[in-house]
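# Coordinate inspection notes
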Amino acid sequence: MPGDHRRIRGPEESQPPQLYAADEEDAPAARDPTRLRPVYARAGLLSQAKGSAYLEAGGTKVLCAVSGPRQAEGGERGGGPAGAGGEAPAALRGRLLCDFRRAPFAGRRRRAPQGGGEERELALALQEALEPAVRLGRYPRAQLEVSALLLEDGGSALAAALTAAALALADAGVEMYDLVVGCGLSLAPGPASTWLLDPTRLEEERAAAGLTVALMPVLNQVAGLLGSGEGGLTESWAEAVRLGLEGCQRLYPVLQQCLVRAARRKGAAP
Amino acid sequence: MASVALSEAEKVYIMHGVQEDLRVDGRGCEDYRCVEVETDVVSNTSGSARVKLGHTDILVGVKAEMGMPKLEKPNEGYLEFFVDCSANATPEFEGRGGDDLGTEIANTLYRIFNNKSSVDLKTLCISAREHCWVLYVDVLLLECDGNLFDAISIAVKAALFNTRIPRVRVLEDEEGSKDIELSDDPYDCIRLSVENVPCIVTLCKIGYRHVVDATLQEEACSLASLLVSVTSKGVVTCLRKVGKGSLDPESIFEMMETSKRVGKVLHASLQSILHKEESLGPRRQKVGFLG
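Residues numbered from 1 in each chain as written. Chains lettered and ligands numbered in written order. Predicted model: local features only at pLDDT ≥ 70, side-chain atom pairs only at ≥ 80, totals over all residues. Heavy atoms only, no water.

Taken together, B:Glu172, B:Asp173, B:Glu174, B:Glu175 and B:Asp179 make up a surface patch of like negative charges. Among the residues examined, B:Glu174 registers a relative accessible area of 78% and is labelled exposed. (Patch = residues over 30% accessible without salt bridge, like charges linked within 9 Å, V, L, I, M, F, W, Y side chains within 5 Å. Areas by Shrake-Rupley, 256 points an atom, 1.4 Å probe, with all protein chains shown as cover. Salt bridge = Lys/Arg side-chain N within 4 Å of Asp/Glu carboxyl O. Lys, Arg positive; Asp, Glu negative; His and termini not counted. Charge placed at Lys NZ, Arg CZ, Asp CG, Glu CD. Buried < 20%, exposed > 50% of the residue type's maximum accessible area, 1.4 Å probe, protein only.)

In structure tokens form, the structure reads like this:
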């Protein structure tokens, strides 16, 4: 949104002072490449949303809410052959609308939320990763809205958003084939570097390449994959995908416990 | 994306064919359709290219303009991508319909060029912190018959190969004011090296196998695809899963190997065609839009 120039007299564009500072930050400390940061996950915390989840991993904090199913806009007519299991025909399947927002104070520089660009791309990545898991055929002509809000970016934000969105969908009671667990990876610059699992913000900023993997743990199917950068040859990327899938499997029991606790809380409440 | 309605029987027919490595038009699983590439088709641009991959028709124009470098990278120029899905391609793209697809393709292009080795951005710098070349790459989708990403990446590479940026000098007076001087000779220009510009290879999973360069009908049978952006040396710069289905981890590894193989062949033939076209010189026959 353009600033209010009649009342607030200031420059059109502003920059943070850190840009002009000498680069004093030390390189991130060497660490075990397969370590996962401790995760705090809680489902069922927003009263106004059908389902919600909050996930914190290191410095990354994501809040996700699910609403629906409600009537889809722009209804489609007609149908095709019905799918297996009494699901709606392809033209009447439900829709999943995902929205990814970054709070303006989430990163080091203040960023006003923009329409297109990175947020649109990450919302599309969320949608493509969650669609294989949700039984949209059971919600004909309906749409489910998933909105993820990144409160603080401490590294692997998309992975945390994916996990939180899957937890929120499960908390909302949406029919799913399996949970979706996300994991981030990054490759440090330099000739002989290995892929690091669950990078911190510092590691991600200095990385030559980054990758986010989304896995459905029980079915062992990769639901989403998004990576870019100078990752080297295909063997290097394949190794990264393997590491990411292993990380997702390790994270799964934590999420199961979180959902069980949320169900107990709901059951106990008067 | 433009889609075509297929009956279940047609889908089964295509799937069974793919299992036997035989596609509807007789190709194997790793064969591309016939590609036609022509550069320098639009005269007002610094570089342009037109690619026809089967019935998929893409026109790319590159315009080089002078701008301010970004604050974080004061010694480099940059590229800006814009994709326009014209209503000629399918009626679905009329009005704002094609915007979503256009943003998705533009974001993918930003991602594949988002590394130091694809394009040498330091050659685009005129004077640090003040002036640099900004290359506006505009992609126009004229006709859509499946496999958009591959065709667009081939067209972008050809257009960047064809781009001629005029040589510019910054002169400084005694008072310190700077003046930009354009060289008098219209043929004195900088060319970009496209050795490391990647091309996208989209692999669609159909049944248990995957195919390269899917037509619209084959895309309708496939639930998930893997988009791999690979350079001529086999370096992968972007990896993305597209579609509403999921992929088996083993298929992902197989698909990456296929993309490396297919990518090498694609790059080799594209380079040879571009050099051959260039060597024909100014007297070559331009086919343009009527051929």
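A common way to state how big an interface is: give the accessible area lost once the parts meet. Contacts between chain A and chain B engage 35 residues on the former and 34 residues on the latter. Summed over both partners, the interface of chain A with chain B buries about 3000 Å², with 56% contributed by carbon and sulfur atoms. It is A:Glu128, A:Leu225 and A:Thr234 that lose the most area in chain A upon contact with chain B, and together they represent 19% of the buried surface on that side. Taken together, chain A and chain B are joined by four salt bridges. For A:Glu128, the salt bridge identified is with B:Arg240, shortest N-O distance 3.6 Å. Counting every contact that joins chain A to chain B gives 15 residue pairs in polar contact (both at pLDDT 80 or more). When grouped by side-chain class, the residues that make up the side of chain A that touches chain B number 15 nonpolar, 11 polar and nine charged. Alignment of strand β9 (residues 221-229) of chain A against strand β14 (residues 236-243) of chain B, held across three bridges, turns out to be antiparallel. If you follow A:Leu226 over to β14(B), its bridge partner there is B:Arg240. (Contact = heavy atoms within 4.5 Å. Buried area = accessible area lost by both parts, 1.4 Å probe. Polar contact = N/O pair within 3.5 Å; in protein donor to acceptor, adjacent residues only side chain to side chain. Nonpolar A, V, L, I, M, F, W, Y, C, P; charged D, E, K, R; others polar. Pairing = 2+ DSSP bridges. Helix = DSSP H or I, 4+ residues; strand = E, 2+ residues; numbered from the N terminus.)

Grouped together as the largest cluster of nonpolar side chains are 137 residues, with contacts concentrated most on A:Leu130, A:Leu211, B:Val156 and B:Leu160. Top element by residues in this core is helix α4 (residues 234-268) of chain A. It accounts for 12 residues. Apart from residues no more than four positions distant in its own chain, A:Leu130 is found in contact with A:Leu96, A:Cys98, A:Val146, A:Leu162, A:Ala165, A:Ala166, A:Leu169 and A:Val180. (Core = buried A, V, L, I, M, F, W, Y, C linked by side-chain atoms within 4.5 Å.)

For side chains of opposite charge, pairing can occur when their charged atoms come near one another. All names here are of chain B. All chains considered together, the criterion is met by 29 salt bridges over all chains. Among the salt bridges present, the one from Glu278 reaches Arg164, with a minimum N-O distance of 3.7 Å. Within this pair, whereas Glu278 is found in helix α5 (residues 249-279), its partner Arg164 is found in strand β7 (residues 164-166), the two being separated by 114 residues in sequence. What you see here is one network of salt bridges that share partners, running through Asp25, Arg27, Arg33, Asp145 and Asp213.

This paragraph deals with the UniProt feature "domain: Exoribonuclease phosphorolytic" (unreviewed entry) in chain B. The UniProt record marks residues 32-166 and 196-261 of chain B with the feature "domain: Exoribonuclease phosphorolytic" (unreviewed entry), using the residue numbering of this structure. For the annotated span residues 196-261 of chain B, helix accounts for 29% and strand for 41% of the residues, and the straight-line distance between the end C-alpha atoms is 16 Å. (UniProt positions renumbered as here; feature names shortened; annotations may be inferred.)

Remark: a regular strand shows side chains that alternate across the two faces of the sheet. Residue and element names in this part refer to chain B. Counted residue by residue, strand β2 (residues 47-53) has six buried out of seven residues, so it is predominantly covered. Both strand β1 (residues 35-39) and β2 contribute to a ladder of five bridges, which runs antiparallel. Paired with Glu38 across the two strands is Arg50, which belongs to β2. Across seven bridges, the pairing between β2 and strand β3 (residues 56-67) is antiparallel. Note that in β3 the partner of Arg50 across the bridge is Leu59. The antiparallel hairpin formed by β2 and β3 contains two residues in its connecting segment, where Gly54 sits at a positive phi of about 65°.

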